[in-house]
Structure formats: structure tokens, C-alpha cells
Amino acid sequence: MTALRVLTPGDQEDPSWVEARSVSEIEEFVRAGRTVVVTPADLAGHDGEAAELAAASVCAWAGARVFRTTRPEQVRLAVEMTESLAGRRPPALTRRGLA
């Protein structure tokens, strides 16, 4: 499986990657074993940061591995959190709460 990558619009892409424009396309390409690239802002439908982060999280849950964005730090954090929740990466910090 390809490691998680967050790119800015000008970064070089691998020609073997395939771009998806919907969650169903992401799932289809992942089942076929392809590395999926998404642009969360295009999938969000409008320019809001919250919508872009939500779209990135949904795409990560569906299996996308490469994200093209103008907000790399925020998208990386959202995607890494989603990966931890999905059980595909350990959380960065664990705490045990005792009442």
C-alpha cells in the first residue's frame, strides 16, 4: 500500500496514480489495487476549509492515499486522524483516562 501523501498543486505526481472524482470511484480504484489521488476542494463543492477537510477525511476513509491541496498541514492532520480512527495507523498520542 502506498504511504499517505499530501501534495500542493505544483508538486510532481507519479504517473501510475489515478485521480478519482467521487467516493464510489475511490472505492472502485482501491479494490483494483490502484493508488488514488484526490483534490478535496473539488469534491467539497465550495471553498470552505471545513468542507475541504471533511471531504479529505471521507476520501481517506474510502482508501485514497494521495491528497492535492492548498492547505497541506490541515489536510494532513485530518487524514492522519481518520487513518487512526480506521485502525490503519497508530494514534500519535494515547491517553488513559481514569475517573
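Above this text sits the structure in question.
Being a predicted model, the structure only gives us computed values, none of them experimental.

1. Examining the nonpolar core
Counting 16 residues, the largest nonpolar core has I26, V36, V38, A64, F67 and V79 as its most contacted members. Elements with a minimum of two residues in this core: helix 1 (23-31), strand 3 (36-38), helix 3 (49-62) and helix 4 (72-85). Here this core takes four residues from helix 3, the largest share from any one element. Residues contacting V36, with those up to four places away along its chain left out, are V18, A20, I26, F29, V30, A64, R65 and V66.

2. Observations regarding the pattern of salt bridges
Throughout the structure, instances matching the rule amount to eight salt bridges. Across the pair E19 and R21 runs a salt bridge whose closest N-O atoms are separated by 3.3 Å. With relative accessibility at 57%, the residue R21 sits in the exposed group. Each of E13, E19, R21 and R68 takes part in a single network of salt bridges with overlapping partners.

3. Remarks on the packing of helix 1 against helix 3
The N-to-C vectors of helix 1 and helix 3 enclose an angle of 30°; their axes lie 9 Å apart at closest approach. Judged on the interaxial angle alone, helix 3 and helix 1 are roughly parallel. Regarding helix 1 and helix 3, the two cross each other, and that crossing is right-handed. In contact with V23, I26, E27 and V30 of helix 1, helix 3 contributes V58, C59 and A62. For the contact of helix 1 with helix 3, a count of residues per class yields six nonpolar, no polar and one charged.

4. Considerations on the sheet that holds strand 1 (residues 5-7)
Spatial strand order, 1-4-3-2: four strands in an open sheet with parallel pairing. Every interior strand has two partners, whereas the edge strands, strand 1 and strand 2 (18-19), have only one. As paired strands, strand 3 and strand 4 (residues 66-68) are joined by two bridges and run parallel to one another. Residue pairing in the sheet places V37 in a bridge with V66 of strand 4. In this fold helix 1 packs onto strand 2 and strand 3, with an angle of close to 160° to the strand it touches most, strand 3.

Scoring rules and cut-offs
- Residues numbered from 1 in each chain as written.
- Predicted model: local features only at pLDDT ≥ 70, side-chain atom pairs only at ≥ 80, totals over all residues.
- Heavy atoms only, no water.
- Core = buried A, V, L, I, M, F, W, Y, C linked by side-chain atoms within 4.5 Å.
- Buried < 20%, exposed > 50% of the residue type's maximum accessible area, 1.4 Å probe, protein only.
- Helix = DSSP H or I, 4+ residues; strand = E, 2+ residues; numbered from the N terminus.
- Contact = heavy atoms within 4.5 Å.
- Salt bridge = Lys/Arg side-chain N within 4 Å of Asp/Glu carboxyl O.
- Axes fitted to C-alpha atoms, helices over the stretch in contact; angles between N-to-C directions.
- Parallel < 35°, antiparallel > 145°, perpendicular 65-115°, else oblique.
- Left-handed = near helix turned anticlockwise from the far one by under 90°.
- Nonpolar A, V, L, I, M, F, W, Y, C, P; charged D, E, K, R; others polar.
- Pairing = 2+ DSSP bridges.

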